[in-house]
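What the coordinates show
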There are 2 protein chains.
Amino acid sequence: MTERNEHHYTENVQDHLQQVLHLLEKHALVETVTHRQELPRDERHELLDKMLHKRHLAELREKLEELHPADIAFILEALPIDQRLMVWDQVKADRDGDILIEVSDAVRESLIATMSREELREATEKLDTDEIADLAPDLPQNVMRDVFKSLSIDEREQLRAAMSYSKDSVGALMDFNMVHVREDVTLEVVSRYLRRFEELPDHTDQVFVVDRDDRFKGVLPINLIVVNEPETVVGKLMLTDTIRLNPDEKAVQAAQSFERYDLVSAPVVDEEGKLVGRVTVNVVLDFIRAESETDLLNQAGLREEEDIFASVWKSAQNRWTWLALNLCTAFFASRVIGSFENTIEKFVALATLMPIVAGIAGNSANQTTTIIIRSIALGQVSQANARRLMIKELAISGLNGLVWGGIAGLFAYFLYHNVALGLVMTSAMLLNLTLGALVGIGIPMIMQKLGRDPAIGSSVLLTAITDSGGFFIFLGLATIFLIR
Amino acid sequence: MTERNEHHYTENVQDHLQQVLHLLEKHALVETVTHRQELPRDERHELLDKMLHKRHLAELREKLEELHPADIAFILEALPIDQRLMVWDQVKADRDGDILIEVSDAVRESLIATMSREELREATEKLDTDEIADLAPDLPQNVMRDVFKSLSIDEREQLRAAMSYSKDSVGALMDFNMVHVREDVTLEVVSRYLRRFEELPDHTDQVFVVDRDDRFKGVLPINLIVVNEPETVVGKLMLTDTIRLNPDEKAVQAAQSFERYDLVSAPVVDEEGKLVGRVTVNVVLDFIRAESETDLLNQAGLREEEDIFASVWKSAQNRWTWLALNLCTAFFASRVIGSFENTIEKFVALATLMPIVAGIAGNSANQTTTIIIRSIALGQVSQANARRLMIKELAISGLNGLVWGGIAGLFAYFLYHNVALGLVMTSAMLLNLTLGALVGIGIPMIMQKLGRDPAIGSSVLLTAITDSGGFFIFLGLATIFLIR
C-alpha cells in the first residue's frame, strides 16, 4: 500500500495525540452538559448542542484524515477503550484495513469486535494478500470466506501460500509485490516496462530476473538501471551471487541476513528454484522490534503484549501463569527452610541472613544466563567452546563468591560476633554462586538441545534452584558446623 | 562501502565458522606436532612442517577473502582470543576498516590492541567520514591526528560535524553519501548526472532536491525517475511533504519514524533548512538491535555487551556494580528481619513463610514495571491517563493479592494449623502486592520526570522495596496478631 503523497508525515506523533485528546475533551464536555440538564429545555438549546457535537466530530474526522495510518494506529493504542472506539468510528472506512494491519494484536481485537461482517469484509478486501494473511487469525471465519471468494485465482493461491507458513518462518514475512524481468532484454525495455507502473511497489530497490518457468536467475538493482546505458542487456548486469531466502527458513535467520548485508529487499526462492515472493526491510524491522519486545515481556513473565487499557481481568490473566509458577517454587523453597526449623529455632540469626545467600546467587546466575542466551541467539556457542565458557563462568562465580561472599561473611561476623557463622556465610555464598553459574549455563543449553527457546522460562527455573539451593546450602552448613 | 559483487552472501554463517574452526584445528595440530618433537630432527621434517603450516594459513586466507566483512566480523566474535588474532592476521589489510566497523565494541578493542599505528591509520583512511567518526573513540589519539591530516577540507568538516553530535542523536546515525539535484532540471538531466556515478551510494532510494544554498526542497524517489517520462521536470514530481530529521533530535525518535513510515532513507536538515546528511534504514536496524540488546543486558545488571571470550577479570567487573548494589539492599532487608528476631524466635514458622511474601510481590511488581516502561517508551503514558493506569494496576494487584494471597494463606494454615497465621499471610501478601504495584508504576514515572532512562536501575530499587517491605509487613503483622 503506497500512500506517500496522501498523508502528512510527522516527527512527533505525540503532538497529534494531544490534539486528538483535546478534540475528544471538547466533545465530551458538550456531552456532559447535554446529559446534566435533564430538566426540559427549549428546542433551540438542544439544536445548539447537537451542532456543537457535530462540529467537534467533523474536526476530529478532518484531523484523522490527514494522518498516516501508522499514526492513527499509535493514537488508537494510546486511548482508553471508549475514546478509542469514538475515534475509530470517525476513521474513513477505506482506511480501516491499513490501520488494522498497523495496530498491536490486543488493540486490533478490540477494534474488530465493534465491526460488522460487512465492514470487516470491505476493509480486508482492500489489502494485499500477504496483509490479509496477517489479519486472518483475528477475523471471524465467515468474513474470511467472503474475502476468499472475492479474490482472483492467483490471489487465492498467494493467500493460501502465505497462510500455510508457520508464524516464525520467512514465508510469514513475505509479500508478493515483486517486479520481474527476463535476462535477455535491454535496460531500455525494462525502463519502458517499469514506466507502465504508475508507481513501483514500496521498497523496490531491485527487480528480480526470472526465466520462462519463473525460475530465479538473479537480481537487477534499480540503481544499476539508472547508472547504465539503456542498450545494456539485463543478463550482463544482473547479480547472481545474491542472498536467496527459503520460505520455510526461520525468520530470525532472514533478519540476521538483512542486518549483516544491509539489504532493502531479498528474493524468496522455493526448493525448485522458483521465485515465490520477496521480503522487505520494513517487515524485517517490525519483526526485530516485535522479537525484542517479546523477549522483554517474557523475561517479566508476561505472556503477550498488553493493551494498557484492557480490563483488569484480562490483564491479570496475562500475568497469572508466571505468578502461579513462582508461587509453586516459593512453596518448595519454603519447605526447604521448613526442614531446618530446629536449626533456626536454636540460632535465629540464620533467618536474617539466609535471604542474602539466595538473592545474590540468583542475581549472578541471571547475569550468566543472559550472556549465554544472547550468545546462543547469535550462534556463538558451539560444542567446541561450551566447555571453555563453562569454565569461565565458574571462575567468575568463584571470584564473585570470594569477594561478595567474603563481604557477606564479615557482615555476619560483625553483627553476631561469631567467626564460625561468618565462615558458613562465606562458604554458602561461594557454593550457591557456583551452583548458580552451573544452572545459568546449563538450563539454556539444555533447552536449546531440546529445541526450545532458551529465553522462555529459564529464569523461573533458575531462581527456583538458586533460592531453594541457597537455603539448603546455608542452613545445611549451619546445622553441621554451628549447632552441636 | 559497496561490495555487492566481491563477496559471497551466505544464509548460514555458522557453516563458515565451522570451516574456519576446522582450518584452525589443522593448523594447531601441526603446531603441536612441531613443538612436541623437541629432539633434534632432520631438516627435511622441519621443512615439511613449515610447508603444511603455510598451506593451512593460505587456505584460511582464501576462505576469508571470499567472505563478506560482516561474516568475518561474526567469526571473529565467535572465536577465543588466540584463534581470533590468528584469523585477524590473515585478513587482507584493505578490509580491516570495514570489519572493525562491524564487530562489537568489546571485540573491536581486542583487535585494535594488536595493530600498529601505521596499520590503524591505513585501515581508517579507507572508511567514509561517518564511519571514521564511529571508530574514533576506540582509536589512539595520534592515529586520529594522522587520519585527520589525510582528509580533504570537506571531509574534515564532515568528520568534525559527525563527532560533535551526542551518541543518542540523529547526528550520530547520519552519513554524507547523499545525491542531490536541483528542482528546475528534467529527469533526463538527472539520469545523465546519475550515470556519471559508477554505482550509487547504498540505500539510495531517493535523491534529495536542494537549492543553490543547499537548502532542502524535497525528495525525488528513484522509482519516480524510472516510471516517469524523461522530459518531466524534477520540481513537478518531487515530494515536499516528507519526513525531515534534525541532527540534534533523539535517535530513538528517528527510528520510530522509520518504523512507522517504512522509510529506506531520510534527509537530515539543520535549523537553517540546509541538508546536512541522511539516515539509512540499515543504520536504524543496527540501532534498534543495539537498543534492544542494551535493554536486555541492563535488566540483568550487565553494564555493557561482553566479549564472551574476555578475561574472567574483565567480565567480573562488568557485573560487579549490580551485584554490589543488590548486596547492599540484601543487607538492608536482612536488618529488617533482624529487628523481628524476637518474633521469629517465638514462632519459627514465620522464617519459612516470609520469602514467599517478598518473592511473589517482587515478581508482580516487575510485571507492572515492564508494562509501564514499555508504555512510556512508546509514548502512551501521559499525565491524562497516569491516574487511570495507577488505578488499574492497583486493582490487578488487589485481585492477585486475594487469589495468590488466599492460596498462600491456605498453604500456611494447612502446614501449621493456625487460622491467625493464614490470615496474616493473606493480608501481608495483599499489602505487599499493592506496595509492589505502587512502586512498580511510581519508580519509572518518577525516573522519567527526572529525565532519566526508566529501564536502568528500576528493578534493583523495586526488589529492594518489595523484599524489605514484604519482610516488614509480614513480620510486623505477625508481631501484632500472633505474638502475645
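Residues numbered from 1 in each chain as written. Chains lettered and ligands numbered in written order. Predicted model: local features only at pLDDT ≥ 70, side-chain atom pairs only at ≥ 80, totals over all residues. Heavy atoms only, no water.

A word on the overall build of chain A. Along its length, chain A carries 22 helices and five strands. With the principal axes as the frame, chain A shows a C-alpha extent of 90 × 85 × 40 Å. Within chain A, the proportion of its 484 residues that are buried is 54%. In chain A, once contacts between residues fewer than 6 apart in sequence are set aside, the share between residues at least 24 apart is 67%. Accessible surface, chain A: about 21,900 Å² in total, of which carbon and sulfur atoms supply 54%. Mean positive and mean negative side-chain charge positions of chain A (48 and 73 charges, respectively) differ by 4 Å. (Helix = DSSP H or I, 4+ residues; strand = E, 2+ residues; numbered from the N terminus. Buried < 20%, exposed > 50% of the residue type's maximum accessible area, 1.4 Å probe, protein only. Contact = heavy atoms within 4.5 Å. Areas by Shrake-Rupley, 256 points an atom, 1.4 Å probe, with all protein chains shown as cover. Lys, Arg positive; Asp, Glu negative; His and termini not counted. Charge placed at Lys NZ, Arg CZ, Asp CG, Glu CD.)

Attention now moves to the environment of B:Glu59. All names here are of chain B. Within the element layout of this structure, Glu59 appears in helix 2 (residues 43–65). Using a relative accessible area of 30% as the deciding quantity, one classes Glu59 as partly exposed. Glu59 has contacts with Leu23 and Lys26, leaving out every residue within four places of it along the chain.

In this complex, chain B contributes 135 residues to the contact, which on the side of chain A involves 135 residues. Regarding the contact of chain B and chain A, the summed buried area is about 12,200 Å², with carbon and sulfur atoms giving 62% of it. For the pair chain B and chain A, the number of links is 10 salt bridges. Between B:Asp82 and A:Arg388 there is a salt bridge, and its shortest N-O distance comes to 3.7 Å. Along the contact surface separating chain B from chain A lie 36 residue pairs in polar contact (both at pLDDT 80 or more). Ranked by the residues each element gives to the side of chain B that touches chain A, the list is headed by helix 19 (residues 349–378) of chain B, at 18 residues. The residue inventory of the side of chain B that touches chain A, partitioned by class, reads 67 nonpolar, 38 polar and 30 charged. (Buried area = accessible area lost by both parts, 1.4 Å probe. Salt bridge = Lys/Arg side-chain N within 4 Å of Asp/Glu carboxyl O. Polar contact = N/O pair within 3.5 Å; in protein donor to acceptor, adjacent residues only side chain to side chain. Nonpolar A, V, L, I, M, F, W, Y, C, P; charged D, E, K, R; others polar.)

Under the fitted operation, chain B is carried onto chain A by 0.0 Å of movement along the axis and a turn of 180°, and the coordinates agree to an RMSD of 0.1 Å. The transformation just described matches what one would write down for a two-fold rotation axis. Of all interface residues in chain B, 99% are interface residues in chain A too; the two copies therefore contact each other through one and the same surface. (Least-squares fit on C-alpha atoms with pLDDT ≥ 70 in both.)

Attention now goes to the nonpolar core. By size, the foremost hydrophobic cluster in this structure holds 126 residues, and its most contacted members are A:Leu245, A:Phe258, B:Leu245 and B:Phe258. Those residues in contact with A:Phe258 that sit more than four places away from it in its chain are A:Leu245, A:Leu263, A:Val264, A:Ser265, A:Ala266, A:Val279, A:Thr280, A:Val281, A:Val284 and B:Leu285. Judged by nonpolar contacts, the second largest core, of 85 residues, contains B:Leu323, B:Leu327, B:Val336 and B:Ala358. (Core = buried A, V, L, I, M, F, W, Y, C linked by side-chain atoms within 4.5 Å.)

In this section: the domain arrangement of chain A. With domains assigned, chain A is organised as domain 1 (13–169), domain 2 (180–281) and domain 3 (312–481). Each of domain 1 of chain A and domain 2 of chain A has a C-alpha centre, and the two are 36 Å apart. (Domains from an automatic or database assignment.)

Looking now at the packing of helix 7 (residues 117–125) of chain B against helix 9 (residues 141–150) of chain B. Residues and elements named next belong to chain B. One can describe the packing of helix 7 onto helix 9 by two numbers: an axis separation of 9 Å at closest approach and a directional angle of 45°. Between helix 7 and helix 9, the angle falls in the class oblique. Considering only the axes of helix 7 and helix 9, their crossing is right-handed. Seen from helix 7, the contacting residues are Arg117, Leu120, Arg121, Thr124 and Glu125; seen from helix 9, they are Asn142, Val143, Asp146, Val147 and Ser150. Looking at side-chain class alone, the contact of helix 7 with helix 9 contains three nonpolar, three polar and four charged residues. (Axes fitted to C-alpha atoms, helices over the stretch in contact; angles between N-to-C directions. Parallel < 35°, antiparallel > 145°, perpendicular 65-115°, else oblique. Left-handed = near helix turned anticlockwise from the far one by under 90°.)

The pLDDT averaged across chain A works out to 87; a share of 93% of its residues lies at or above 70. Scored below 50 in pLDDT, residues 1–6 of chain A makes 16 contacts in the model with residues more than four places away or belonging to other chains. (pLDDT = per-residue confidence, 0-100.)

Attention now goes to the layout of surface pockets. All names here are of chain B. The calculated volume of the second largest pocket comes to roughly 430 Å³. Together, 14 residues line the second largest pocket, and Asp154, Gln158, Phe176, Met178 and Val276 are the ones closest to its centre. Within the residue set of the lining of the second largest pocket, elements represented by two or more residues are helix 10 (153–164) and strand 5 (275–280). Of the residues forming the lining of the second largest pocket, the biggest block, four residues, is contributed by helix 10. Partitioned by chemical class, the residues of the lining of the second largest pocket number seven nonpolar, two polar and five charged. (1 Å grid on protein atoms, 1.4 Å probe; cavity = no way out; pocket = protein on both sides within 12 Å on 5 of 7 lines; lining within 4 Å. Points joined across faces, edges and corners; volume = space filled by probe spheres on them.)

For the coordinates displayed, the defined rule picks out 40 salt bridges over all chains. Salt-bridge contacts for B:Arg108 lead to B:Asp105; the nearest nitrogen and oxygen are separated by 3.7 Å. You can see B:Arg108 and its partner B:Asp105 sitting in helix 6 (residues 105–112), three residues apart, about one turn around the helix. Overall, B:Arg108 belongs to the buried group, its relative accessible area being 6%. Here B:Asp105 falls in the partly exposed class, since its relative accessible area comes to 43%. Several salt bridges converge on common partners, so that one network encompasses A:Asp105, A:Arg108 and A:Asp138.

Attention now moves to unusual backbone geometry. All names here are of chain B. Located in the positive-phi region is Asp214, a residue other than glycine, with phi close to 65°. The residue Asp214 is located in the loop between strand 2 (206–210) and strand 3 (216–221) in this model. Residue class for Asp214 comes out partly exposed when judged on its relative accessible area of 36%. A positive phi is found at Asp262, a non-glycine position, where the angle reads about 50°.

Counted according to the given criterion, the structure contains 12 cavities of 30 Å³ or more. Roughly 80 Å³ of volume is contained in the second largest cavity. Around the second largest cavity, the lining residues are A:Arg374, A:Leu378, A:Gln380, B:Glu77, B:Ser104, B:Ala106, B:Val107, B:Glu305, B:Glu306, B:Asp307 and B:Ile308. Among the elements of the structure, helix 19 (349–378) of chain A together with helix 6 of chain B are those that each provide at least two residues to the lining of the second largest cavity. Looking at the lining of the second largest cavity, its residues break down into four nonpolar, two polar and five charged.

Taking the UniProt record as the reference, the feature "transmembrane region" (unreviewed entry) is found at residues 394–416, 422–447 and 459–483 of chain A. The distance from the first to the last C-alpha atom of residues 459–483 of chain A is 34 Å, and the span holds 92% helix and 0% strand. (UniProt positions renumbered as here; feature names shortened; annotations may be inferred.)

By the element assignment, A:Val419 lies in helix 21 (residues 419–449). Once the C-alpha coordinates of A:Val419 and A:Gly409 are considered, the two residues, 10 residues apart in sequence, prove to be 8.7 Å apart.

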